[in-house]
Amino acid sequence: RRNPELRLLGHAGGQRRSPAIHMGGCSGALPSGLSLNSSTGIISGTPAATGAFSFTVLLTDSSTPQQAVTKVFSITVANPPPTLSSIAVAPASQTISTGATEQYTATGTYSDSSTQNLTSQVTWSSSTTSVATINSAGLATGVSAGSSTIKATLSSITGSTTLTVQAAPLTI
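Residues numbered from 1 in each chain as written. Predicted model: local features only at pLDDT ≥ 70, side-chain atom pairs only at ≥ 80, totals over all residues. Heavy atoms only, no water.

Asker: Explanation requested: the confidence of the model for the protein chain in the structure shown.
Answerer: Mean pLDDT over the protein chain stands at 85; residues scoring 70 or higher make up 86%. Note on residues 1-15: pLDDT is under 50 here. Beyond four places in sequence and across chains, it has 22 contacts. (pLDDT = per-residue confidence, 0-100. Contact = heavy atoms within 4.5 Å.)

Asker: Honestly, the side chain of Thr-161 in this entry has me stumped. Any pointers?
Answerer: Mapping Thr-161 onto the fold places it in strand β15 (residues 157-166). According to the relative accessible area criterion, Thr-161 is buried, its value standing at 6%. Among the polar contacts made by the side chain of Thr-161, one reaches the main-chain amide nitrogen of Ser-93 at a distance of 2.8 Å. When residues no more than four places from it in sequence are discounted, the contact partners of Thr-161 are Val-89, Pro-91, Ala-92, Ser-93, Tyr-104, Ser-148, Thr-149 and Ile-150. (Helix = DSSP H or I, 4+ residues; strand = E, 2+ residues; numbered from the N terminus. Buried < 20%, exposed > 50% of the residue type's maximum accessible area, 1.4 Å probe, protein only. Polar contact = N/O pair within 3.5 Å; in protein donor to acceptor, adjacent residues only side chain to side chain.)

Asker: Sorry, what's going on with the nonpolar core here?
Answerer: Generally speaking, a soluble globular protein has its nonpolar side chains buried in company with each other. One finds Ile-87, Tyr-104, Leu-118, Val-122, Trp-124 and Leu-163 to be the most contacted residues of the largest nonpolar core, which totals 19 residues. Counting only elements with at least two residues in this core, the list comes to β6 (84-90), β9 (105-110), β12 (132-134), β14 (146-154) and β15. (Core = buried A, V, L, I, M, F, W, Y, C linked by side-chain atoms within 4.5 Å.)

Asker: Is there a simple way to explain unusual backbone geometry in this structure?
Answerer: Across the chain, the bulk of peptide bonds are trans and the bulk of non-glycine residues have phi less than zero. With an omega dihedral of 0°, the bond running from Ala-90 to Pro-91 counts as a cis peptide bond. Mapping Pro-91 onto the fold places it in the loop between β6 and β7 (94-97). In this model, Ser-113 sits at a positive phi of 75°, which is unusual for a non-glycine residue. Tracing the chain through its elements places Ser-113 in the loop between β9 and β10 (115-117). Backbone geometry places Ser-156, a non-glycine residue, at a positive phi of 70°. Inspection of the secondary structure assignment puts Ser-156 in the loop between β14 and β15. Residue classification places Ser-156 among the exposed positions, given a relative accessible area of 69%.

Asker: It is not clear to me how the pairing of strand β11 (residues 123-126) should be interpreted in this structure. Could you clarify?
Answerer: On a regular strand, one side chain projects to one face of the sheet and the next to the other, so that they alternate. Where burial is concerned, the two faces of β11 differ: the one with Trp-124 and Ser-126 is buried and the one with Thr-123 and Ser-125 is not. Taken together, the 4 bridges between β11 and β14 define a ladder with antiparallel strand orientation. Across the sheet, the residue bridging to Ser-125 is Lys-151, located in β14. (Pairing = 2+ DSSP bridges.)

Asker: Even after reading the chapter, I still don't get the packing of aromatic side chains, so can you show me in this structure?
Answerer: How two aromatic rings sit relative to each other is set out by the distance from centre to centre and by the angle between their planes. Throughout the structure, instances matching the rule amount to 2 aromatic pairs. Relative to Phe-73, the ring of Phe-55 has its centre 5.7 Å away and its plane inclined at 25°; by these criteria the two rings are stacked. Of the two residues, Phe-55 is situated in strand β4 (residues 51-61) and Phe-73 in strand β5 (residues 68-77); the sequence distance between them amounts to 18 residues. Among the residues examined, Phe-55 registers a relative accessible area of 5% and is labelled buried. (Phe/Tyr/Trp six-rings, centres within 6.5 Å; stacked < 30°, edge-to-face > 60°.)

Printed below as a string of structure tokens:
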């Protein structure tokens, strides 16, 4: 004897074609914001609630005699992970001499207000590399007198600050 659920899903084996499947009904609850298309069986939408939800679907086929199967499904909707909202670059607005270095840090603030040190994860850049360069660890070096914007970027979020470089004093 074949499992009617497998046959309804088109896995009866051999070359025999399975009959058309119809959704006869649905009971229970999907999360608010989701819907079940009774023609295709596809669940779509954006859930507005978190938690575990169960619903029961009655499937029938078009064979004679008609076969039916009831299946209980469960869906769990979890809170989405927090997303990166902003990056703060520190220290802010520093002035160094040519040849001197300044270590920068990048702190990310997330949608749940949590913060995380992102210094080793961001991409560091200097807007004017003839004035200051910065390496992948956030260490900037003054090259010549002028001003440069130091940027830290991660996932299209950028934080920045200004670095001013002054000519080193002459020593006699």
